[in-house]
Amino acid sequence: MVVAGTSQLRRRLGFFGHWLALALYVLAALFPLFWLVKIAVTPTDLLFGEGIRLWPSSTTLGNFATVLRATDFPWYFLNSVIVSLCTAAAVTVVASLSGYALSRFAFRWKNAVAFFLLLTQIFPLVMLIAPIYRLMTPLGLVDSLMGLILVYTAYNTPFATFLMQSFFEGIPKGLEEAAMIDGCTRFQALWRVILPLTLPGMGATLGFVFTAAWSELLFALMLISTETRMTFPVGLLTFVSKFSVDWGQMTAAAVLALIPACAFFAVIQRYLVQGLTAGAVKG
Amino acid sequence: MAGRALRLARQAPAGRRSFRSIAEPWTYLSPTLVLIALLMLVPLIVGIGFAFQNVQILNPFKRGFVGLAHFQAIANDPIFWLALVNTLWWTFASLILQFLLGLGLALLLWREFKGKRLVQAIVFLPWAVPSFLSGLTFAWLFNPVVGPFPHWLHALGLLASPDNILADPALAMWGPITANVWWGIPFFAITILAALQSIPNEMYEAAAIDGAGMLARFRHVTLAYLVPTIAITLLLRTIWIANFGDLVVVMTGGGPANQTQILPSYIFTMAFRKLDFGYASALSMVLLALLFLYAILILEMRRRLRSAF
């Protein structure tokens, strides 16, 4: 009886400890984002008076309205959407082809290609910023969204290749072999039989690349200078350094930048494990 | 291009089948390889060239080959040495904290409980927050005007007065490290959780039959399975964090007085603010060489450890 009692107590304690530890992680994950939203909805006159209260005594959506109407943020938002969507679409197409090649063909140098793609993943991209700027200037790709899309497409393709490869591995090879026996070429078999089956995988790839392109800062800072061509990270950072006292507007803009990221996170959440282990280093 | 190559391949007579089967995988790989060649390899070669030249966009007349002058300047550049020490500090502090907290989270999630899906979605959410936003948010949290952190740290007796640690040369590095840890925990938690879930249940049953206690089971089954995954993840992640300059650029710009300057942020500042591409490229070569040395060192250590057991 006594033994059963202590083991039950231990289980209760274990349950409580598990629950408490998880609650701490949940709190730590949410608190910074909560605070961001809190500053964004606090009226400016209350911000300094009420200091670090957890929730202001009155809230406003005025900061969001100002950001959307009176600043260049709609431009930044639009540019980021264009760049991220085009990058995601281009990468998904290119990486589907290369991922298919790595998944379906046995050929000489295959391991070398895979190793090379892995190597690009740990390569310090920051060192390419200056040469890329220099090379793109005479081509008219500096200060253009096209230039950014090209750069992002190239740098996201290796990781997306591994991701697509892992999705192709999940589809039986017999399927396109059957289609090819029925007279399809390999490309037709890929296009008509295999790709429709990898649509969820392609969606996940699209989401991962969109998130990565949406977050990129350093190349965008270097390559873009015109206000109306800035992507969101550049625009927000420029705004912060220019109007570093307008807390409400800065945080309202930051909350707006968070929305697409969270939306795509919801889409790709199921594939996080595959995504993060593809190439093993995707941040 | 690809379409034409495919059409040609299709029309090829039976005798040239071997060429076709050799060319086919490369046709599918070609867009990827061309992109990487043009936007990574070519710039890399150009950058290596820059490292031995004067390339200052603000000073177009001061150009030409300078040999090893940049590297001599680096050897005598106190900011470089400071940034090197800071990089080590930044990398290993972030890595160890991310890893330990990520491991803890993975172990907590490695069992079924009510509401697990929701909890998982919330604790992994920081991963989806763009890194620049994570940096800005923490910069604001550390700001005594709008953020609570300085007040809390002061109340806990960790700070003498509620000031911004990002402006304090001795403490500033903790700002970007905190943001990096918050942002990077999900990555480790997810990869470790995936490894945990791949451990076959029979292993635990077998260990229990052999009379292994909870601790012994954790050590000999869980850890034994995790170590290979953890080793490769840590190696790759170290390099990734050492290259990751965004948070420093966003939160402190390397300041105050270069106390948070790390090599990637120093390279970026040199290229972006000073527009000195030659010196930035020389610094990049040094960073690349150091990462290469690190990788070789780790691989060698692994080889020795293997032969030791």
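Given the structure is predicted, the values throughout are model-derived calculations rather than measurements.

**Observations concerning the domain arrangement of chain B**
All names here are of chain B.
Reasoning step 1: We note that the domain assignment places domain 1 (2–50) and domain 2 (69–308) within chain B.
Reasoning step 2: The C-alpha centroid of domain 2 is placed 37 Å from the C-alpha centroid of domain 1.
Reasoning step 3: Listed per partner, the contact involves four residues of domain 1 and six residues of domain 2.
Reasoning step 4: In this assembly, domain 1 packs against domain 2 so that about 340 Å² is buried in total across both faces, 76% of it on carbon and sulfur atoms.
Reasoning step 5: Per-residue buried area on domain 1 facing domain 2 is highest for Gly47, Ile48 and Phe50; these three make up 86% of the total on that side.
Reasoning step 6: Remark: the boundary between domain 1 and domain 2 carries zero residue pairs in polar contact (both at pLDDT 80 or more).
Reasoning step 7: The class makeup of the residues in the side of domain 1 that touches domain 2 is three nonpolar, one polar and no charged.

**Considering the interface of chain A and chain B**
Reasoning step 1: Between chain A and chain B, the residue contacts involve 90 residues of the former and 85 residues of the latter.
Reasoning step 2: For the pairing of chain A and chain B, the buried interface totals around 7,900 Å² over both sides, and the portion due to carbon and sulfur atoms is 83%.
Reasoning step 3: Counting the contacts that link chain A with chain B gives one salt bridge.
Reasoning step 4: Our count for the contact surface shared by chain A and chain B stands at eight residue pairs in polar contact (both at pLDDT 80 or more).
Reasoning step 5: Classifying every residue of the side of chain A that touches chain B gives 71 nonpolar, 15 polar and four charged.

**Quick notes on the packing of aromatic side chains**
Residue and element names in this part refer to chain B.
Reasoning step 1: For the structure shown, the criterion picks out 42 aromatic pairs over all chains.
Reasoning step 2: Ring geometry for tryptophan 183 and tryptophan 240: centres 6.0 Å apart, planes at 25°, overall stacked. Residue tryptophan 183 is found in helix H8 (residues 174–197), and its partner tryptophan 240 is found in helix H10 (residues 214–242); the two are separated by 57 residues along the sequence.
Reasoning step 3: You can call tryptophan 183 buried: its relative accessible area is 6%.
Reasoning step 4: Look at tryptophan 240 and you get buried, because its relative accessible area is 18%.
Reasoning step 5: The side chain of arginine 237 reaches across the aromatic face of tryptophan 240, ending 4.5 Å from its centre.

**Re the nonpolar core**
A general tendency of soluble globular proteins is for nonpolar side chains to be buried together.
Reasoning step 1: In this structure, Leu236(A) and Phe124(B) are the most contacted members of the largest nonpolar core, which totals 185 residues.
Reasoning step 2: Setting aside chain neighbours within four positions, we find Phe124(B) in contact with Phe265(A), Leu272(A), Leu105(B), Leu109(B), Pro186(B), Ala189(B), Ile190(B) and Leu193(B).

**Some details on the layout of surface pockets**
Reasoning step 1: One number sums up the size of the largest pocket: a volume of about 1,200 Å³.
Reasoning step 2: Taken together, 36 residues make up the lining of the largest pocket; nearest its centre are Leu235(B), Leu236(B), Ile239(B), Ala295(B) and Leu299(B).
Reasoning step 3: Elements represented by at least two residues in the lining of the largest pocket include exactly helix H5 (110–121) of chain A together with helix H2 (17–50), H10 and helix H13 (277–308) of chain B.
Reasoning step 4: No other element matches H13(B), which puts 12 residues into the lining of the largest pocket.
Reasoning step 5: Looking at the lining of the largest pocket residue by residue, the class counts come to 32 nonpolar, two polar and two charged.

**A few points about the environment of Arg134(A)**
Reasoning step 1: Along the polypeptide, Arg134(A) turns up in helix H6 (residues 129–136).
Reasoning step 2: Along the backbone, Arg134(A) and Leu223(A) are 89 residues apart, and their C-alpha atoms lie at a distance of 10.0 Å.
Reasoning step 3: For Arg134(A), the residues in contact, after removing those within four places along its chain, are Phe50(B), Val55(B), Ile57(B), Arg63(B) and Phe277(B).

**Focus: the packing of helix H8 (residues 174–181) of chain A against helix H9 (residues 186–197) of chain A**
Residues and elements named next belong to chain A.
Reasoning step 1: In contact at an axis separation of 9 Å, H8 and H9 are set at 140° when each is read in the N-to-C sense. By the angle between their directions, the pair H8 and H9 is classed as oblique. The chirality of how H8 crosses H9 is right-handed. Packed against H8, whose contacting residues are Leu175, Glu176, Ala179 and Met180, the element H9 presents Arg186, Ala189, Val193, Ile194 and Leu197 at the interface.

**Comments concerning unusual backbone geometry**
Reasoning step 1: For the bond running from Gly255(B) to Pro256(B), omega is -10°, close enough to zero to count as cis.
Reasoning step 2: With respect to the helices, strands and loops of the structure, Pro256(B) is situated in the loop between helix H11 (246–251) and helix H12 (263–272).
Reasoning step 3: One non-glycine residue, Trp109(A), lies in the positive phi region at around 70°.
Reasoning step 4: Position of Trp109(A) among the secondary structure elements: in the loop between helix H4 (73–104) and H5.
Reasoning step 5: Residue classification places Trp109(A) among the exposed residues on the basis of a relative accessible area of 59%.
Reasoning step 6: Its identity is not glycine, yet Asn258(B) carries a phi of approximately 60°, on the positive side.
Reasoning step 7: Looking at the secondary structure, you find Asn258(B) in the loop between H11 and H12.
Reasoning step 8: Classification of Asn258(B) by relative accessible area gives partly exposed; the value is 23%.

**Quick word on the pattern of salt bridges**
Reasoning step 1: According to the stated counting rule, one finds seven salt bridges over all chains in the structure shown.
Reasoning step 2: The salt bridge partner of Asp143(A) is Arg229(A), with a shortest N-O separation of 3.2 Å. Of the two residues, Asp143(A) sits in the loop between H6 and helix H7 (145–169) while Arg229(A) sits in the loop between helix H11 (218–223) and helix H12 (232–242), which places them 86 residues apart along the sequence.
Reasoning step 3: Since its relative accessible area comes to 13%, Asp143(A) is described here as buried.
Reasoning step 4: In this structure, the salt-bridge partner of Arg186(A) is Glu24(B), at a minimum N-O distance of 3.6 Å. Remark: Glu24(B) occurs in helix H2 and Arg186(A) occurs in helix H9; the pair is interchain, linking two chains.
Reasoning step 5: Linked through salt bridges whose partners overlap, the residues forming this network are Arg104(A), Glu176(A), Arg186(A) and Glu24(B).

Cut-off values and rules
- Residues numbered from 1 in each chain as written.
- Chains lettered and ligands numbered in written order.
- Predicted model: local features only at pLDDT ≥ 70, side-chain atom pairs only at ≥ 80, totals over all residues.
- Heavy atoms only, no water.
- Domains from an automatic or database assignment.
- Contact = heavy atoms within 4.5 Å.
- Buried area = accessible area lost by both parts, 1.4 Å probe.
- Polar contact = N/O pair within 3.5 Å; in protein donor to acceptor, adjacent residues only side chain to side chain.
- Nonpolar A, V, L, I, M, F, W, Y, C, P; charged D, E, K, R; others polar.
- Salt bridge = Lys/Arg side-chain N within 4 Å of Asp/Glu carboxyl O.
- Phe/Tyr/Trp six-rings, centres within 6.5 Å; stacked < 30°, edge-to-face > 60°.
- Helix = DSSP H or I, 4+ residues; strand = E, 2+ residues; numbered from the N terminus.
- Buried < 20%, exposed > 50% of the residue type's maximum accessible area, 1.4 Å probe, protein only.
- Lys NZ or Arg CZ within 6 Å of the ring centre and 35° of its normal.
- Core = buried A, V, L, I, M, F, W, Y, C linked by side-chain atoms within 4.5 Å.
- 1 Å grid on protein atoms, 1.4 Å probe; cavity = no way out; pocket = protein on both sides within 12 Å on 5 of 7 lines; lining within 4 Å.
- Points joined across faces, edges and corners; volume = space filled by probe spheres on them.
- Axes fitted to C-alpha atoms, helices over the stretch in contact; angles between N-to-C directions.
- Parallel < 35°, antiparallel > 145°, perpendicular 65-115°, else oblique.
- Left-handed = near helix turned anticlockwise from the far one by under 90°.

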